[in-house]
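# Chains, contacts and geometry: an overview
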Amino acid sequence: MASDGPRDREALLARVEARVERYGATRDSAEILGADAAREAAALLAVVGDEPDAEAVLAVAWLHWCRADHLDSPDDEAELAVAVPLFIELHAVDPGLVPPLLRAQLDEPEPVSAGTAAYRRWQETGDRRTLDEAVELLRAEAAQADNTPWRLSNLAGVLRERFLIAQDPADIDEAVTAADASVRLTAPGDPEQAVRLSNQGSALLARFDHSGDLTDLDAAVTSLRAATGAADDGVFLSNLAAALFTRHTMRDDPADLAAAVAAADAAVTASGHSDETAADARVVLCLALTRQFETTGDPAVLARAVAAGQQAVRQDGAAAASGLAGALVARYLLTGAVDDLDHTIALGRRAVADSPAADRATHLSSLSNALLLRFAAGADPATVDEAIRLAGEAVAAAGPGHPGRVTYLTNLGSALLTRHESTGRDEDLRAALAACREALAGAPPRHRDRPRATTTAGLALLARYEASGTEADLVQAVHLAREAVAATTAPTDDRIGGLGNLYAVLHRLFVRTGDVRLLDEAIGAVEQAARLAADTASAASALSNLSTAYGLRHEATGAARDLDGAVDTARRAVEATGPADRALSVRYGNLSAALQSRFAHLGDLSDLTGAVEAARRAVTAADGPAALAVSRSGLAAALYRRFTALHEATDLDEAVDAARAAVAATPDQAPEQAGRRVNLAAVLTESADLGNRPEHLDEAVQQYRDAVAATAGSPVLRAIVQSGLCHALTRRHATTGTPGDLRDAITAGRDAVRLGGDRPAPDRAVYLVNLARSLHLDNDLDEALPLLAEAASVPEASAEDRLSAAWERGRIAAEAGLADQARLGYAEATRLLPRAGWSGLGRRSRERHLGRVVAVAADAAAWQLTTGHVVDAVELLELGRSVLWTSMLDQRPDLSRLERADSTLARQLALVSTRLARL
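Quick caveat, the model's predicted, so the values are computed rather than measured.

## Some remarks on the overall build of the protein
Within the protein, the secondary structure is distributed over 44 helices and zero strands. Here the contacts in the protein between residues at least 6 apart in sequence split such that 59% fall between residues at least 24 apart. For the protein, the computed accessible surface area is about 39,500 Å², with 54% contributed by carbon and sulfur atoms.

## Brief notes about the confidence of the model for the protein
On average, residues of the protein score 82 in pLDDT, and 86% of them reach the 70 mark or higher. Model confidence for the protein, summarised as mean pLDDT per element, is weakest for helix H44 (residues 903-917) at 53 and strongest for helix H20 (residues 382-398) at 93. Ignoring residues within four places in sequence, the model shows residues 838-842, a span with pLDDT below 50, making 21 contacts including any to other chains. Predicted confidence for residues 914-919 stays below pLDDT 50, and this span has nine contacts to residues more than four positions away or in other chains.

## Here's the deal with the packing of helix H31 (residues 625-646) against helix H32 (residues 649-664)
Interhelical geometry of H31 versus H32 gives an angle of 155° and a closest axis separation of 8 Å. As far as their axial angle goes, H32 and H31 are roughly antiparallel. Helix-helix and strand crossings are classified by hand; for H31 and H32 the assignment is left-handed. Contacts from Ala629, Arg632, Ser633, Leu635, Ala636, Leu639, Tyr640, Arg642 and Phe643 of H31 reach H32 at Ala649, Asp651, Leu652, Glu654, Ala655, Ala658, Ala659, Ala661 and Ala662.

## Examining a nonpolar patch on the surface
Together, Leu865, Val870 and Val874 line one region of the surface with nonpolar side chains, adding up to about 270 Å² of accessible area. Along the chain, Val870 falls in helix H42 (residues 870-889). Given the relative accessible area of 48%, Val870 is considered partly exposed.

## Section: the packing of aromatic side chains
With the rule as written, the count across this model stands at two aromatic pairs. Between Trp62 and Phe87, the ring centres sit 5.5 Å apart and the planes meet at 80°, which makes this aromatic pair edge-to-face. A residue pair is termed long-range when its members are at least 10 positions apart, and Trp62 in helix H4 (residues 54-70) and Phe87 in helix H5 (residues 75-93) qualify at 25 residues. Comparing Trp62 with Phe87 shows no difference in burial state: the two are buried. Between the aromatic rings of Trp65 and Phe87, the centroid separation amounts to 5.7 Å while the plane-to-plane angle is 90°, which identifies the pairing as edge-to-face. Of the two residues, Trp65 sits in helix H4 while Phe87 sits in helix H5, which places them 22 residues apart along the sequence. With respect to burial, Trp65 and Phe87 carry one shared label: buried. Here a set of aromatic residues connected by ring pairs shows up, and it is made of Trp62, Trp65 and Phe87.

## Some points on the nonpolar core
Leu412, Leu502, Val505 and Phe510 are the most contacted members of the largest nonpolar core, which totals 82 residues. For this core, the element with the most residues is helix H25 (residues 492-513), which contributes 10 residues. Residues in contact with Phe510, not counting those within four places in the same chain, are Asp515, Val516, Leu518, Leu519, Leu552, Ala556 and Val716.

## Re helix H16 (residues 299-316)
In this model H16 runs 25 Å from its N-terminal to its C-terminal C-alpha over 18 residues, within 8% of the 26 Å that 1.5 Å per residue would give. For H16, the set of buried residues is Val301, Leu302, Ala305, Val306, Ala308, Gly309, Ala312, Val313 and Gln315. Measuring from the side-chain oxygen of the N-cap residue of H16 to the backbone nitrogen of Ala300 gives 2.9 Å; that N-cap residue is Asp298.

## Remarks on the side chain of Ser153
Relative to the helices and strands, Ser153 resides in helix H9 (residues 149-166). What Ser153 contacts, discounting residues up to four positions off in sequence, is Ser182, Arg196 and Asn199.

## Structural notes on helix H27 (residues 539-557)
In a regular helix each residue adds 1.5 Å, so 19 residues correspond to 27 Å; H27 covers 26 Å between its end C-alpha atoms and thus fits that length. Counting buried positions along H27 yields 14 of 19 residues, so the element is predominantly enclosed. Positive phi shows up at Gly558, right after H27, with a value of about 80°.

## Considerations on the packing of H9 against helix H10 (residues 169-185)
Where H9 meets H10, the closest approach of the two axes is 8 Å, and the angle between their N-to-C directions is 155°. The angle between H9 and H10 places the two elements in the roughly antiparallel class. Relative to H10, the crossing made by H9 is left-handed. Contact residues: H9 offers Pro149, Leu152, Ser153, Leu155, Ala156, Leu159, Arg160, Arg162 and Phe163, while H10 offers Pro169, Asp171, Ile172, Glu174, Ala175, Ala178, Ala179, Ala181, Ser182 and Leu185. In terms of residue class, the contact of H9 with H10 is made up of 13 nonpolar, two polar and four charged.

## What to know about the side chain of Thr228
With respect to the helices, strands and loops of the structure, Thr228 is situated in helix H12 (residues 214-230). A distance of 2.7 Å separates the side chain of Thr228 from the backbone oxygen of Arg225, its partner in a polar contact. Beyond its immediate stretch of four places on either side in the chain, Thr228 contacts Phe236, Leu237 and Leu240.

## Let's talk about the pattern of salt bridges
Tallied over the entire structure, the rule returns 55 salt bridges. Salt-bridge contacts for Glu40 lead to Arg19; the nearest nitrogen and oxygen are separated by 2.8 Å. Here Glu40, found in helix H3 (residues 35-48), pairs with Arg19, found in helix H1 (residues 5-26); they are 21 residues apart in sequence, far enough to count as distant. Like Glu40, the residue Arg19 is buried in the burial classification. One salt bridge connects Asp256 with Arg247, and the closest N-O pair in it is separated by 2.8 Å. Assessed through its relative accessible area of 4%, Asp256 is described here as buried. Residue Arg247 is classed as buried on the basis of its relative accessible area of 13%. One continuous salt-bridge network, built from bridges that share partners, spans Arg349, Arg360, Glu386, Arg389 and Glu393.

About the criteria used
- Residues numbered from 1 in each chain as written.
- Predicted model: local features only at pLDDT ≥ 70, side-chain atom pairs only at ≥ 80, totals over all residues.
- Heavy atoms only, no water.
- Helix = DSSP H or I, 4+ residues; strand = E, 2+ residues; numbered from the N terminus.
- Contact = heavy atoms within 4.5 Å.
- Areas by Shrake-Rupley, 256 points an atom, 1.4 Å probe, with all protein chains shown as cover.
- pLDDT = per-residue confidence, 0-100.
- Axes fitted to C-alpha atoms, helices over the stretch in contact; angles between N-to-C directions.
- Parallel < 35°, antiparallel > 145°, perpendicular 65-115°, else oblique.
- Left-handed = near helix turned anticlockwise from the far one by under 90°.
- Patch = residues over 30% accessible without salt bridge, like charges linked within 9 Å, V, L, I, M, F, W, Y side chains within 5 Å.
- Salt bridge = Lys/Arg side-chain N within 4 Å of Asp/Glu carboxyl O.
- Buried < 20%, exposed > 50% of the residue type's maximum accessible area, 1.4 Å probe, protein only.
- Phe/Tyr/Trp six-rings, centres within 6.5 Å; stacked < 30°, edge-to-face > 60°.
- Core = buried A, V, L, I, M, F, W, Y, C linked by side-chain atoms within 4.5 Å.
- Expected span 1.5 Å × (residues − 1).
- Polar contact = N/O pair within 3.5 Å; in protein donor to acceptor, adjacent residues only side chain to side chain.
- Nonpolar A, V, L, I, M, F, W, Y, C, P; charged D, E, K, R; others polar.

Shown next, in the form of structure tokens:
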């Protein structure tokens, strides 16, 4: 039976093409190496015979080319013996059908020159002397041939290659000059125009990588676009995609990113089955899609990025590993799947082991960064040790003048800083600062990694400030953080990190100086960061910072709206943090502090219970001595506050132990030392009274004095400490009668009020009350009573503090027989009762307040009657009675049993009830 030639041709062509396509996608040798594959190819050529059939010849040629590419034996020569003649035949039809490596040889305009031969020897041997020889010969040949365009283009390419190895700026400048001349001398329509444009773009891109000059980057994109316009070639499209992606990383232009994805997709298609070109294009496609995911948050885009990276790795192994690693890290940050991080590290190890010397530094640094992420995700301390070692090897492998050296030094500084934060090792901090300073010294103003180097240097200075308390370090850290934010225009995650760092240093400088302009700038930075970070991997960190910022503003201004904002954002930050994340301790600590602040202002005991629970979780989650000291100090503060509300002695004893441990673990010169001493002193003062332990009061006074000495340069902190010292000395004088204590208490109290200034701040009421109490013991009622009246009228202070000030004014005046002052003080205290015991509080909280309602209202009425103000007496009694009735009518159910069964539901019901009560 005769065969149907056309049908056989179509069927055979489809099978051969399918084999080549599957091999290109999967690298499965079974698709091309079997005997059936060779028989089908031979049959296809037999069917077409001597008829010109470029499509069939191309399919057969690629099949044998791929077989030769896969084989590593004498058989590859036999495969090339079939493929090369077929490609030579196709070259006459369309050079674009021929693999680039073979086409370069077939396109040779004249016999190989001495310079080209030397260059090929360099490719075979890797002998640098041969490369230098090739440059000299090609330079001479270009001059002798009166700047022939193709010779200039060849010279440009070899100079660029030498620059990438030796990093001599003169080489890349000469390469750009030669490439520019080559393009200028090429006539329009010349078949080599696209190649020369591509060489020009590649040279410009290399010079941009070194100098950071965006004009070079723009010119590179223009040249590479022109190259793709002149020839639809996979190599040119891949180069264009890389240039567009690079420009996107500098300018964050979505159009560049979309164009990079389109060019990389087109490069994969146009490259046919050329493994090297397709792999390069897929690497760029993976990087661009990963960035597109980071911008859009679309998981489907990330899935495409991972798929492209996986294909690239199958095709090109170690050279493509970095692209896939970036996509896997993005997926880890999205899902928290540590397996992706572990796969990234495995890819990094493979890349380091298999990469050529020229790429080794890049792969070492990338692996170091992945290990740091793994350490943050809960790996043991040896992981960060390895990360530091690899980062140092990357710097050494790059050598002086390498374009990546700024990046590698910055990564080394970041790794060292991570270990310092975990262990407190001073030598790590010194080494981190040295690495960051070297990075900044080597980074021109427009270098792409200068903002990150600047940020890391600022963080290192902040760490040194926290260890030594040197204000100059903090001021310089603020300067660097501002510089980094101003210089960072892209990408978004870099801006989030930069704004978060700026907030951190501004926050600390505000606490140090009390300059409210710094507070305004800090809150603006963190609010912007939180907006940018919504629904990204940075959301938890941004929310935690925002919570702290709201708390800080409440402390400074008394803005009530910030209380709920601080608690809500702190709780969301905890929920968004993984259980193994080393930041979890800090975020629980922030939640505890926010709940304590809200309790202090509103008096709801559920907030206080939540604060203690969050503080305990912070201690449990703490990793390393520094984090443990922070969390223990926070636990001490929460327990102390609960003791002052409920008077459970076990809370106070535990608070003393936690506060002592926190102080012991904090370096003497650290800025945190003062705050931790204040916490310890406060709990010791209460402990002295509770257990008749005068030695605790002595220790408390000494802790306050040590804290005062540590806050000489920080008026905000010094005011808090001096007021605490005033209180402790007043208590000790009341116990011992030592005159010197009372004089010192009054001096410290006056200092606190002076440092607090006239700015609106909740703590001002506390400063005034503490000073007034010491003056009362010194029998100076003329000054003490007005101070208490002022404290009761501070609008930013909590209702509890204001009520206590007014009641104390009435009590002291009553004891002194000052009827009018007693009447006014008790009346103000009664009018503050609804605020202190309002209906939005839980049952236990209301009961705690209501015990004083009868006493305050009765005292107020008594002194109104004593001074002849009968109507006022009735009014105040009615006000007290209304507070009692309101509380009785608002008997919300006790949710304690529901809390044990379903804490989330109980919290939600309590929140709804509280918010309804506030309407």
